[in-house]
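# An overview of the molecular structure
If you want the building blocks of each chain, they are given just below.
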Amino acid sequence: QVEVVESGGGLVQPGGSLTLTCTASSVSNIWLSAMAWYRQAPGKQRELVARISPIRTIEYADSVKGRFTISRDNAQNMLHLQMNNLKPEDTAVYYCNVEKWNYWGQGTQVTVSS
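Residues numbered from 1 in each chain as written. Predicted model: local features only at pLDDT ≥ 70, side-chain atom pairs only at ≥ 80, totals over all residues. Heavy atoms only, no water.

### A word on the sheet that holds strand β8 (residues 78-83)
Rules: Two strands pair under a simple rule: DSSP has to find at least two bridges between them. Each helix is a run of H or I in the DSSP string that is no shorter than four residues. Each strand is a run of E no shorter than two, and both are numbered from the N terminus. Lines fitted to C-alpha atoms define the axes here, with helix axes fitted over just the stretch in contact, and angles between the N-to-C directions of these axes take values from 0 to 180 degrees.
Read across the open sheet, the 4 strands follow the order β1-β3-β8-β7; overall the sheet is antiparallel. Two strands close off the open sheet at either side, each with one partner strand: β1 (3-7) and β7 (68-73). Adjacent strand axes in the sheet meet at a mean angle of 15° when their direction is disregarded. Where β7 and β8 come together, 6 bridges link them in antiparallel fashion. Each residue of the ladder has a partner; that of Phe68, found in β8, is Met83.

### Some details on the pairing of strand β3 (residues 18-25)
Strand direction decides the pairing type here: β1 and β3, joined by 5 bridges, are antiparallel. Each bridged residue has a counterpart across the sheet, and for Val5 the counterpart in β3 is Thr23.

### Digging into the pattern of salt bridges
Spelled out, the test is: Whenever Lys or Arg places a side-chain nitrogen within 4 Å of a carboxyl oxygen from Asp or Glu, that contact is recorded as a salt bridge. Only protein chains enter the calculation, and the probe is 1.4 Å; a residue is then buried if its accessible area is under 20% of its type maximum, exposed if over 50%, and partly exposed in between.
Summed over all chains, the structure comprises 4 salt bridges. Of the charged contacts, one joins Arg39 and Asp90 as a salt bridge, the two residues approaching to 2.9 Å between their closest N and O atoms. Residue Arg39 is located in strand β4 (residues 35-40), and its partner Asp90 is located in the loop between β8 and β9 (92-98); the two are separated by 51 residues in the primary sequence. Here Asp90 makes a salt bridge to Arg67, at a shortest N to O gap of 2.8 Å. On the criterion of sequence distance, the pair formed by Asp90 in the loop between β8 and β9 and Arg67 in the loop between β6 (58-60) and β7 is long-range, its members being 23 residues apart. Of the two residues examined, Asp90 and Arg67, each falls in the buried class. Overlapping salt bridges, with partners in common, bring together Arg39, Glu47, Arg67 and Asp90 in one network.

### Examining a nonpolar patch on the surface
Note the cut-off: The patches reported here contain residues having more than 30% relative accessible area and no salt bridge. Joining distances are 9 Å for like charges and 5 Å for nonpolar side chains (Val, Leu, Ile, Met, Phe, Trp, Tyr). Areas reported as accessible are Shrake-Rupley estimates using a 1.4 Å probe. Residue values count occlusion only from the protein chains shown.
Taken together, Trp31, Leu32 and Trp101 make up a surface patch of nonpolar side chains, about 300 Å² in accessible area. Positionally, Leu32 belongs in the loop between β3 and β4. Leu32 sits in the partly exposed class, given a relative accessible area of 38%.

### Digging into the packing of aromatic side chains
Where we set the bar: Each Phe, Tyr or Trp ring (for Trp, its six-membered ring) is paired with any other whose centre lies within 6.5 Å, and the angle between the two planes then decides the class: stacked below 30 degrees, edge-to-face above 60, tilted in between. Geometrically, a lysine NZ or arginine CZ counts as sitting over a ring once it is within 6 Å of the ring centre and also within 35 degrees of the ring normal.
This structure, assessed with the given rule, holds 2 aromatic pairs. Judged by centre distance (5.1 Å) and plane angle (55°), the rings of Tyr38 and Trp104 are tilted. With Tyr38 in strand β4 and Trp104 in strand β10 (residues 103-104), the pair connects residues that are 66 residues apart, well separated along the chain. Judged by its relative accessible area of 29%, Trp104 falls in the partly exposed class. Ring plane angle 20° and centroid distance 5.9 Å describe the contact between Trp101 and Tyr103, whose orientation is recorded as stacked. Residue Tyr103 is classed as partly exposed on the basis of its relative accessible area of 26%. Between Arg46 and the ring centre of Tyr38, over which it is positioned, the NZ or CZ distance is 4.8 Å.

The structure is reproduced here in structure tokens:
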């Protein structure tokens, strides 16, 4: 039974910071898979935010480059997203994806508002 759970979302003011965590339970070889953060804002399509490969090659969406940092901890089956200098346009539900097997979590809400 694979369970992917995102946590760390919440309400934050513009310019603030937030760290998201994804825990992928019962994935025995998570180091084989790229992992990624996606987000979906109201009325918008899902978009890729950041991706990290098994060898830790990293890609960021242009909109978050320089503000967000993706990292992984294979020993703990975890994926993180450190988000700094948050903007209202970052408001979305953020989803974790374990790419090799297309595992998804239910998402965590991030709201950036004053």
